[in-house]
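Now for the letters of each chain:
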Amino acid sequence: MEGTVRVRFAPSPTGLLHIGGLRTALYNYLFAKGHPGGVFVLRIEDTDQSRYVEEAEEDIVNSLVWAGMNFDEGPGKPGGFGPYRQSERKDMYEQYAEQLVEQGHAYYAFDTTDELDKMRERLKKSGNPSPKYDAITRMSMKNSLTLPQEEVERRLEEGEEYVIRLKVPRRETIRFEDEIRGFVSFESKGLDDQVLLKSDGMPTYHLANVVDDHLMEITHVIRGEEWLSSAPKHILMYEYFGWEPPKMAHLPLIMSPSGGKLSKRKAESEGIPINTKDYIEQKFEPEALVNFLAYLGWSPGDDSEIHSLDELTEMFSLDRVSKGGAVFDYKKLIWYNEHYLREKSAEELFPKIRTVAEEHGIKPDKGYMMKIIPLMKERVSKVEDFITQGMFFFEDPEEYEDRAVKKWKDDSADLLEAYIDEIKDLEVDDFEAGILKDKIKKVIEAHDVGFGKLMMPLRVAVSGMGYGPDLTPTIELLGKKTTIRRIKTAIDKLG
RNA sequence: GCCGCGUUCGUCUAGGGGUUUAGGACGCCGCCCUUUCACGGCGGUAACACGGGUUCAAAUCCCGUACGCGGUACCA
């Protein structure tokens, strides 16, 4: 690859950044950073004023930063190709659109929305299921190709609303090479005369995209497959402008488990968080999401599964991106999250856990929490599990799980009474896991029963649950007073 | 409908003419470890959409069919 690689992530700020968008950003980032001096640009495509959402840009930036993908150029990060918000580049687009008109590759159109609707309706009725404003229909519409020149000038001068449309040739085959799919070709007759400049003076995606990618010297356009069908229009525009088109790569879509593009509605009904913000709020490990997303539609070709963002950067290549859509497997994400959780130290985990604890109305003492973390770490899927499954470290169980209660047998109360007798006089220093375990042994030997006979009821009494971390270290942490109180309560409640 | 793009275990994928009894991972199941639950270790389950070619040989190349997905806006 000659020259410096420059890629862009170009979301439109119409809402929170969704997970598919984050993956597109990731592939762009990996590709850029995998090349020496590669530049990752963030460009905000805010050309649709009706769908603009104020907080969206901030959310996009936050999401990228959270995931560890810092952009080299973008809003607030000038790099000589700004501004990086299309709304701030508005004037340039008009100029380029006019240029195309002058060259005869575009034209003014004065049709109202109403007239367009009527045209489509008419064509539909006469058996055309997908009416287009194309080489044929444009001749019966109101535009600078059909109206006398004086009238066009008059309308323009009088400030009548107009759009500029691309004059797509009648029959031409447009062929280009996609980095992932190889050569693809389209017939121009299937394309319509795309609006380039809207009546509010803003460019459409197609114009802005082509102009900016060229002006920003983007070398590789890496975007979702939903753009593949409009790529030929873009190719046509590059040709008319006399610009060399960037290389293009259309990524397979992320699919919902029930099929179809992973949309907000589908994701939510299938229990999959859709916005990056949701993952941030649910305290997913960013490394886990990144790792998972990288492998959703790409693989390095070996048997490895676990890689950091930096490692992925080294391994990534477009030709290893798969062509088919990839179903979002939430369980695999959880597996990744568990993996990264286990890799982290208590010290690293503490700040997040503290936040979750506070959300649950608990103010954890750090020293205490640091002892709980190693006990819980091997069995949590998400950070919040430290608290939700470890609530008994902070308060007495209010009720006992059904599953746990089943382990309470007729002799449980007697065994627990005996255990209380064993531990009640223990000095503070002796209230320690090893000794506590010895005491359990002593009781079961005296009663001639198995370990579980005491262990199970004890666990239920202390935690209210039928499973959990190592019991005696847990009891050690809880302390003598709490332990004995909980055992007595359990005997009262469960007999 | 039309145009385009796809199709290997349930899911993510490796494999791109002979190396394949099609490999790995998640999930699921079992065993071991642990006198809990997990972690971990070991093992198992399970796939080349279909039909025609080409070839000595096809999951791999070609053509059809089916199915899926995307696009078909003054949205991106």
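Reading guide: rules and limits
Position labels on residues start from 1 in each chain and follow its written sequence. Here every chain gets a letter starting at A, and every ligand a number starting at 1, in the order they are written. Since the coordinates come from a predicted model, pLDDT governs what is reported: local features require at least 70, and pairs of side-chain atoms require 80 or more to be given and counted, while whole-chain, interface and lining totals use all residues. As a rule here, side-chain values come from all non-hydrogen atoms in the structure, and water together with hydrogens is ignored. Strands are runs of DSSP state E lasting at least 2 residues, helices are runs of H or I lasting at least 4, and numbering of each runs from the N terminus. Residue burial is assigned from relative accessible area. The probe radius is 1.4 Å, only protein chains are included, and a residue is buried under 20% of its type maximum, exposed over 50%, and partly exposed in between. The criterion for a residue being near a molecule or strand is simple. One of its heavy atoms has to lie within 4 Å of it. Nitrogen and oxygen atoms within 3.5 Å of one another constitute a polar contact, given that in protein one can donate a hydrogen and the other can accept it, and given that sequence-neighbouring residues count only through two side-chain atoms. Classification used: nonpolar for Ala, Val, Leu, Ile, Met, Phe, Trp, Tyr, Cys and Pro, charged for Asp, Glu, Lys and Arg, polar for all others including Gly. Contacts are assigned to residue pairs with any non-hydrogen atoms lying within 4.5 Å of each other. Per-residue confidence from the predictor is reported as pLDDT, a score between 0 and 100. Note on patches: the residues involved have over 30% relative accessible area and no salt bridge, like charges join within 9 Å, and the nonpolar side chains Val, Leu, Ile, Met, Phe, Trp and Tyr join within 5 Å. Values of accessible area rely on a 1.4 Å probe in the Shrake-Rupley scheme; residue burial ignores everything except the protein chains shown. Any Lys or Arg side-chain nitrogen located within 4 Å of an Asp or Glu carboxyl oxygen qualifies as a salt bridge. Under the counting rule used here, the positive set is Lys and Arg, the negative set is Asp and Glu, and His together with the chain ends is not counted. Working definition for charges: the position is that of NZ of Lys, CZ of Arg, CG of Asp or CD of Glu. Any Phe, Tyr or Trp ring, taking Trp's six-membered ring, that has another such ring centre within 6.5 Å forms a pair; planes under 30 degrees apart are called stacked, those over 60 apart edge-to-face, and the others tilted. Note on criteria: charge over ring means Lys NZ or Arg CZ within 6 Å of the ring centre, with the direction from the centre no more than 35 degrees off the ring normal. Lines fitted to the C-alpha atoms define the axes, with helices restricted to the stretch that makes contact. Angles between their N-to-C directions range from 0 to 180 degrees. Every angle not falling under 35 degrees, over 145, or within 65 to 115 is termed oblique; those three ranges are roughly parallel, roughly antiparallel and roughly perpendicular. A clockwise turn of the near helix away from the far one marks a right-handed crossing, whereas an anticlockwise turn of less than a right angle marks a left-handed crossing.

**Considering unusual backbone geometry**
One can expect most non-glycine residues to show negative phi and most peptide bonds to be in trans.
Logical step 1: Cis geometry marks the peptide bond from Gly 82 to Pro 83; its omega dihedral reads -5°.
Logical step 2: A positive phi angle, near 60°, is found at Lys 283, a position not held by glycine.
Logical step 3: Inspection of the secondary structure puts Lys 283 in the loop between helix H9 (276-281) and helix H10 (286-294).
Logical step 4: Given a relative accessible area of 13%, Lys 283 falls into the buried group.
Logical step 5: In the Ramachandran plot, Asp 448 falls in the positive-phi region, its phi being about 55° despite a non-glycine side chain.
Logical step 6: Turning to its location among the elements, Asp 448 is positioned in the loop between helix H18 (433-447) and helix H19 (451-463).
Logical step 7: On the basis of relative accessible area, Asp 448 is assigned to the exposed category, the value being 70%.

**Concerning the protein's contact with RNA strand B**
Logical step 1: Around RNA strand B lies a shell of 59 residues, among which Ser 130, Lys 198, Arg 379, Phe 451 and Arg 459 are the nearest.
Logical step 2: Backbone atoms, meaning sugar and phosphate, form 72% of the atoms of RNA strand B found within 4 Å of the protein.
Logical step 3: Between Gly 297 and RNA strand B, the recorded distance is 2.8 Å, taken from a backbone N or O atom to a phosphate oxygen.
Logical step 4: The contact in question runs from a base oxygen of RNA strand B to an N or O atom on the side chain of Asp 470, over 2.7 Å.
Logical step 5: Looking at the surface near RNA strand B, the elements with two or more residues in it are helix H4 (113-125), strand S4 (163-166), strand S6 (182-187), strand S11 (326-327), helix H12 (330-343) and H19.
Logical step 6: Split into classes, the residues belonging to the surface near RNA strand B amount to 20 nonpolar, 15 polar and 24 charged.

**So, the environment of Phe 176**
Logical step 1: Counting through the fold element by element, Phe 176 comes out in strand S5 (residues 173-178).
Logical step 2: Of the residues examined, Phe 176 reaches a relative accessible area of 6% and is grouped as buried.
Logical step 3: Between the alpha carbons of Phe 176 and Pro 245 there is a distance of 9.7 Å; along the sequence they are 69 residues apart.
Logical step 4: Once residues within four sequence positions are removed from consideration, Phe 176 is found in contact with Gly 182, Phe 183, Val 184, Phe 186, Leu 228, Ala 231, Pro 232, Ile 235 and Met 248.

**Points about the environment of Gly 260**
Logical step 1: Of note, Gly 260 is situated in the loop between strand S10 (254-255) and helix H8 (264-269).
Logical step 2: Residue classification places Gly 260 among the partly exposed residues on the basis of a relative accessible area of 27%.
Logical step 3: Spatially, the C-alpha atom of Gly 260 lies 9.0 Å from that of Val 327, the residues being 67 residues apart in sequence.
Logical step 4: Once residues lying within four places of it in the same chain are set aside, the contact partners of Gly 260 are Ile 254, Met 255 and Lys 266.

**Quick word on the confidence of the model for chain A**
Logical step 1: On average, residues of chain A score 94 in pLDDT, and 100% of them are at 70 or above.
Logical step 2: Among the scores for the predicted complex, ipTM is 0.96 and pTM is 0.95.

**Describing a negative patch on the surface**
Logical step 1: Among the surface-exposed residues, Asp 425, Glu 427, Asp 429, Asp 430, Glu 432, Asp 438 and Glu 476 lie close enough to one another that they form a single negatively charged patch.
Logical step 2: Mapped onto the secondary structure, Asp 425 falls in the loop between helix H17 (412-423) and H18.
Logical step 3: The exposure class of Asp 425 is exposed, given its relative accessible area of 59%.

**Overview of the pattern of salt bridges**
Logical step 1: Taken as a whole and judged by the stated rule, the model has 30 salt bridges.
Logical step 2: Here Glu 115 ties to Lys 142 by a salt bridge, and the two come within 2.7 Å at their closest N and O atoms. Here Glu 115, found in helix H4, pairs with Lys 142, found in the loop between H4 and helix H5 (149-157); they are 27 residues apart in sequence, far enough to count as distant.
Logical step 3: Look at Glu 115 and you get partly exposed, because its relative accessible area is 28%.

**Focus on the packing of aromatic side chains**
Logical step 1: Under the criterion given, the structure shown has 19 aromatic pairs.
Logical step 2: Aromatic side chains Phe 292 and Phe 328 sit 5.0 Å apart centroid to centroid with 75° between the ring planes, which places their arrangement in the edge-to-face category. Here Phe 292, found in helix H10, pairs with Phe 328, found in the loop between S11 and H12; they are 36 residues apart in sequence, far enough to count as distant.
Logical step 3: Assessed through its relative accessible area of 1%, Phe 328 is described here as buried.
Logical step 4: An aromatic cluster is built from Tyr 27, Tyr 295, Trp 298 and Phe 316, whose rings are joined through pairwise contacts.
Logical step 5: Taking NZ or CZ as reference, Arg 23 lies 5.0 Å from the ring centre of Tyr 27, over its face.
Logical step 6: Lying across the ring of Phe 183, Arg 175 places its NZ or CZ 4.2 Å from the centre.

**Notes on the packing of H17 against H18**
Logical step 1: Packing of H17 against H18 brings their axes to within 10 Å, and their N-to-C directions diverge by 135°. Between H17 and H18, the angle falls in the class oblique. Note that H17 runs across H18; the crossing there is right-handed. Taken together, the residues of H18 that come into contact with H17 (itself represented by Leu 415, Ala 418, Tyr 419, Glu 422 and Ile 423) are Leu 436, Lys 439, Ile 440, Lys 442, Val 443 and His 447.

**Re the packing of helix H14 (residues 366-376) against helix H20 (residues 471-478)**
Logical step 1: The contact between H14 and H20 brings their axes to 11 Å, and the two run at 170°. Of the possible angle classes, the one that applies to H14 and H20 is roughly antiparallel. Counted together, Tyr 368, Lys 371, Ile 372 and Leu 375 of H14 and Pro 473, Thr 474, Leu 477 and Leu 478 of H20 form the full contact between these two elements.
Logical step 2: For the contact of H14 with H20, the residue count by class is six nonpolar, one polar and one charged.

**Topic: the environment of Lys 409**
Logical step 1: Here Lys 409 lies in the loop between helix H16 (402-405) and H17.
Logical step 2: Residue class for Lys 409 comes out partly exposed when judged on its relative accessible area of 42%.
Logical step 3: For the pair Lys 409 and Pro 457, spaced 48 residues apart in sequence, the C-alpha separation works out to 7.9 Å.

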